[in-house]
Amino acid sequence: MDVIILGSGSPMPHPERAGPATLVQVGQQRFLFDCGRGVLMRAAAAGFGAQNISALFLTHLHSDHTTDFNDVITTRWVMSPGPSPLRVFGPVGSRQFSERTLATLETDIGYRIAHHEDLTEGPRVETRELEPGAVLEEDGVRILAMPTDHSPVHPTLSFRIEAEGKVVAIAGDTIPCDGLDAICQDADVYVQTVIRSDLVSQAPALRMRDVIDYHSDVAQAGQTAARCNVGHLVLNHFVPAPPPGREEEWAADARACFDGKISVSHDLLKITC
Ligand SMILES: [Zn+2]
Ligand SMILES: [Zn+2]
């Protein structure tokens, strides 16, 4: 199983970091988790396009995790030779989100259908809302969705992907909680969005300091990894992003409580397990 961090960034635009998006590849199956800013640019760099996505999973509907949903829909539609429904799995609310996104695309869809003789219908999006505990199984891959705690954002999900005898946990935005522990237990790879609470707490703007109470900080990610017997902790979505050359400093609080492997992610970081 390959895990590729397509976007290692956060809501704050960064010249080197696209928005949150992670690819899990099992053979020819490509599962995309979230679709933040620039996801298809990074997908192109990783050697695939929107038409190659087996399914898109949404951890939650915060804008930084979904900004390029419209781009995935449109580009898949235009680049596919025939109808190619995009399968989307996400928390309750995802269906309405899909319908409303498609509604914003109506003008463009009309232009393209009018222009291309071989394009006779608009994009298809098949959205399934997952209740916590939902399990999907297909072609040797098992994906478990569990609830997380990103209050006041409800509902939110994390995903445990099991294939080829390995386990990958995609956490999304969350503080430590039982659902998170359930997806992380004995995981070979655990990808966690994190903040530097020690730095964010010094921010002059209240709106920045507000983000502390609904994200794991680096130490909490390390504690979850240790408690759940994780093999490799991957830190991403850093707020603030580590300046080049100082990545190790950004991992220090996790290293203090977790003796497994730790990576501070960058765009296109690839992990094979
Ligand atoms: Zn969020
Ligand atoms: Zn986020």
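Everything that follows concerns the structure shown earlier in this document.
None of the values given here were measured: they were computed from a predicted structure. (Residues numbered from 1 in each chain as written. Chains lettered and ligands numbered in written order. Predicted model: local features only at pLDDT ≥ 70, side-chain atom pairs only at ≥ 80, totals over all residues.)

Caption draft 1: Quick look at the pairing of strand β9 (residues 157–163). Along β9, seven of the seven residues are buried, which leaves the element largely enclosed by surrounding structure. Side-chain alternation along β9 places Leu157, Phe159, Ile161 and Ala163 on one buried face and Ser158, Arg160 and Glu162 on a second face that is also buried. Of the strand pairs in this sheet, β9 and strand β10 (residues 166–170) are connected by five bridges, and their pairing is antiparallel. Within the sheet, the bridge partner assigned to Arg160 lies in β10 and is Ala169. Between β9 and β10, which pair antiparallel one after the other, the connecting turn spans two residues, and Glu164 there sits at a positive phi close to 50°. (Buried ≥ 20, exposed ≤ 12 C-beta atoms within 10 Å, placed from the backbone. Helix = DSSP H or I, 4+ residues; strand = E, 2+ residues; numbered from the N terminus. Pairing = 2+ DSSP bridges.)

Caption draft 2: Quick look at the environment of Trp250. Considering the arrangement of structural elements, one finds Trp250 in helix α10 (residues 247–255). Separated by 242 residues in the primary sequence, Trp250 and Ser8 place their C-alpha atoms 14 Å from one another. Setting aside chain neighbours within four positions, we find Trp250 in contact with Arg196, Val218, Phe238, Pro242 and Val264. (Contact = placed C-beta atoms within 7 Å.)

Caption draft 3: Up close: the sheet that holds strand β3 (residues 29–33). If you trace the seven strands from one edge of the open sheet to the other, you get β6-β5-β4-β3-β2-β1-β15, paired in mixed fashion. Of all the strands in the sheet, the pair left with one neighbour each is β6 (125–129) and β15 (269–272). Shown here is a sheet whose adjacent strand axes are inclined to one another by a mean of 20°, direction ignored. Inspection of the sheet shows strand β1 (residues 2–7) paired to strand β2 (residues 21–26) by five bridges, in the antiparallel sense. (Axes fitted to C-alpha atoms, helices over the stretch in contact; angles between N-to-C directions.)

Caption draft 4: Region of interest: unusual backbone geometry. In this structure, Pro152 follows Ser151 across a cis peptide bond, with omega equal to 10°. Locating Pro152 in the fold gives a position in the loop between β8 (141–147) and β9. Between Val239 and the following residue, Pro240, the backbone shows a cis peptide bond with an omega angle of -10°. If you trace the backbone, Pro240 turns up in the loop between β13 (232–239) and α10. If you check the backbone angles, Leu268 has positive phi at about 75° while not being a glycine. As for its placement among the helices and strands, Leu268 is situated in the loop between β14 (261–264) and β15.

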